[in-house]
Amino acid sequence: MLLQYRAAAVAGFGTQLFWGLIRIMIFGAFYHSTKSSQPMTYPEVVTYIWLGQALFAMLPWSMDSDIRAMMRTGTVAYELLRPLDLYWTWYCRAVAMRIAPTVLRAIPLVIIAMPFFGMKPPASAGSGLAWAAAMIGALAVGCAITNLISVSLFWTISGEGASRLIPIAVWMFSGSIIPLPLLPGWVQNILYALPFRDLVDTPFRLYLGHIPASDIWLVLTRQAAWTIALVIFGRWIISRGTRMLVVQGG
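Residues numbered from 1 in each chain as written. Predicted model: local features only at pLDDT ≥ 70, side-chain atom pairs only at ≥ 80, totals over all residues. Heavy atoms only, no water.

It is worth spelling out the overall build of the protein chain at this point. Counting secondary structure elements, the protein chain contains 10 helices and zero strands. In terms of overall dimensions, the protein chain is globule-like: its C-alpha atoms have a radius of gyration of 19 Å, near the 18 Å expected for 250 residues. With the C-alpha coordinates of the protein chain rotated into their principal frame, the extents come out at 70 × 40 × 30 Å. Looking at the protein chain as a whole, 45% of its 250 residues are labelled buried. Taking the contacts inside the protein chain whose residues are at least 6 apart along the sequence as the reference set, 81% of them involve residues at least 24 apart. Surface exposure of the protein chain reaches about 12900 Å², of which carbon and sulfur atoms provide 71%. For the protein chain, the distance from the average position of its 17 positive side-chain charges to the average position of its 9 negative side-chain charges is 4 Å. (Helix = DSSP H or I, 4+ residues; strand = E, 2+ residues; numbered from the N terminus. Rg over C-alpha atoms; globule rule 2.2 N^0.38 Å. Buried < 20%, exposed > 50% of the residue type's maximum accessible area, 1.4 Å probe, protein only. Contact = heavy atoms within 4.5 Å. Areas by Shrake-Rupley, 256 points an atom, 1.4 Å probe, with all protein chains shown as cover. Lys, Arg positive; Asp, Glu negative; His and termini not counted. Charge placed at Lys NZ, Arg CZ, Asp CG, Glu CD.)

Printed below as a string of structure tokens:
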């Protein structure tokens, strides 16, 4: 169903292209105003930005509007009657919600950004393969976070709290706004202990070659551990929510 929204994909492509150019100009101003060495070169930051714009739709920045409507109207009762596990049904919806818009936006954006706006290919073939594997892990972590937003609806009708707070944490702490290597060392130490870096910073630095491709197994192990932990937490929340759920009406 999501692949049918081609007009939305075109609009998203234009939006990501525009904001990518704006962010590149901002970072360009910073880099051209200093001669001190930086942990990332300007061309690397440009590539990092374009990767973030191309894969923006993969981040857990929004709630599934259909699930929110189900919770508001009470039709979630039909979901509970289906012979399916509710958590994994919603998890699969989250996977589709992340993949479909990304495919429609990312391909044309990369086609434009590489020849015209400074985006570089992976540092090596190994880095490219490691990045692709890490993006699968990032998708798994991101969908587990998306499900946490969805299951919060068992306790709040609108869901505005979680749907606004969690995306802010994702943008700030994943490297989506500022690449993590450009932050102070003490901040990096804190953010490296959180799951958000596995959504953006770690895969993108594998692409750039900052993290050796040989470390991919450590990256995937970390992503798998966070995914399992978030899934267990989400399933615990949804089990409590379904036990207390009361649906009013006929």
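Under the definition given, this model contains 11 aromatic pairs. Taking the centre distance of 6.0 Å and the plane angle of 50 degrees together, the rings of Phe173 and Phe196 count as tilted. Linking Phe173 in helix 7 (residues 160-173) with Phe196 in the loop between helix 8 (185-191) and helix 9 (201-208), this pair joins segments that are 23 residues apart in sequence. Judged by relative accessible area, Phe196 falls into the buried class, the value being 14%. Clustering of aromatic rings is evident, with ring pairs tying together Tyr87, Trp88 and Tyr91. The ring of Tyr192 has Arg197 sitting right over it, with the charged end atom 4.1 Å from the ring centre. (Phe/Tyr/Trp six-rings, centres within 6.5 Å; stacked < 30°, edge-to-face > 60°. Lys NZ or Arg CZ within 6 Å of the ring centre and 35° of its normal.)

Time to look at the pattern of salt bridges. Here the structure, examined in full by the defined rule, presents six salt bridges. Glu79 is paired through a salt bridge with Arg82; the nearest N and O atoms lie 3.0 Å apart. Among the residues examined, Glu79 registers a relative accessible area of 11% and is labelled buried. Relative accessible area serves as the criterion here: at 43%, Arg82 is assigned to the partly exposed category. When the shortest N-O distance is used, the salt bridge between Asp198 and Arg222 registers 2.8 Å. (Salt bridge = Lys/Arg side-chain N within 4 Å of Asp/Glu carboxyl O.)

Looking now at the environment of Met135. By the secondary structure assignment, Met135 is in helix 6 (residues 125-151). Accessibility expressed as a relative area gives 8% for Met135, which makes it buried. For the pair Met135 and Pro203, spaced 68 residues apart in sequence, the C-alpha separation works out to 6.1 Å. Setting aside anything within four residues of it in sequence, one finds Met135 in contact with Leu55, Met58, Pro203 and Phe204.

Now for the nonpolar core. In this structure, Trp50, Trp90 and Leu199 are the most contacted members of the largest nonpolar core, which totals 54 residues. Listed by contribution, the elements that provide at least two residues to this core are helix 1 (6-32), helix 2 (42-54), helix 3 (65-73), helix 5 (86-116), helix 6, helix 7, helix 9 and helix 10 (216-244). Beyond its immediate stretch of four places on either side in the chain, Leu199 contacts Leu59, Pro60, Ala138, Val141, Gly142, Ile145, Val170 and Ser174. Among the nonpolar cores identified, the runner-up in size contains six residues, and Ala134, Leu206, Ile216 and Val219 belong to it. (Core = buried A, V, L, I, M, F, W, Y, C linked by side-chain atoms within 4.5 Å.)

In this model helix 1 runs 38 Å from its N-terminal to its C-terminal C-alpha over 27 residues, within 8% of the 39 Å that 1.5 Å per residue would give. Looking only at helix 1, the buried set comprises Ala9, Gly12, Gln16, Leu17, Gly20, Arg23, Ile24, Phe27, Gly28 and Tyr31. On its buried face, helix 1 sits against helix 2 and helix 5. (Expected span 1.5 Å × (residues − 1).)

Confidence in the prediction for the protein chain averages 87 pLDDT; 96% of positions are at 70 or higher. Within the protein chain, the lowest mean pLDDT, 81, falls on helix 3, and the highest, 94, falls on helix 9. (pLDDT = per-residue confidence, 0-100.)

It is worth spelling out the packing of helix 1 against helix 5 at this point. Where helix 1 contacts helix 5, the two axes come as close as 9 Å, and the packing angle between them is 45 degrees. Compared by their axis directions, helix 1 and helix 5 come out oblique. Note on packing geometry: the crossing formed by helix 1 with helix 5 is right-handed. Residues Ala8, Ala9, Gly12, Phe13, Gln16 and Leu17 of helix 1 form the contact with helix 5, whose own contacting residues are Leu104, Arg105, Pro108, Leu109 and Ile112. Residues that form the contact of helix 1 with helix 5 fall into these classes: eight nonpolar, two polar and one charged. (Axes fitted to C-alpha atoms, helices over the stretch in contact; angles between N-to-C directions. Parallel < 35°, antiparallel > 145°, perpendicular 65-115°, else oblique. Left-handed = near helix turned anticlockwise from the far one by under 90°. Nonpolar A, V, L, I, M, F, W, Y, C, P; charged D, E, K, R; others polar.)

When you line up the elements, Gln53 lands in helix 2. Looking at Gln53, the relative accessible area reads 7%, which means it is buried. Note: C-alpha distance between Gln53 and Ser176 (123 residues apart in sequence) is 8.8 Å. In contact with Gln53, not counting residues within four places along its chain, are Gln16, Trp19, Gly20, Arg23 and Leu109.

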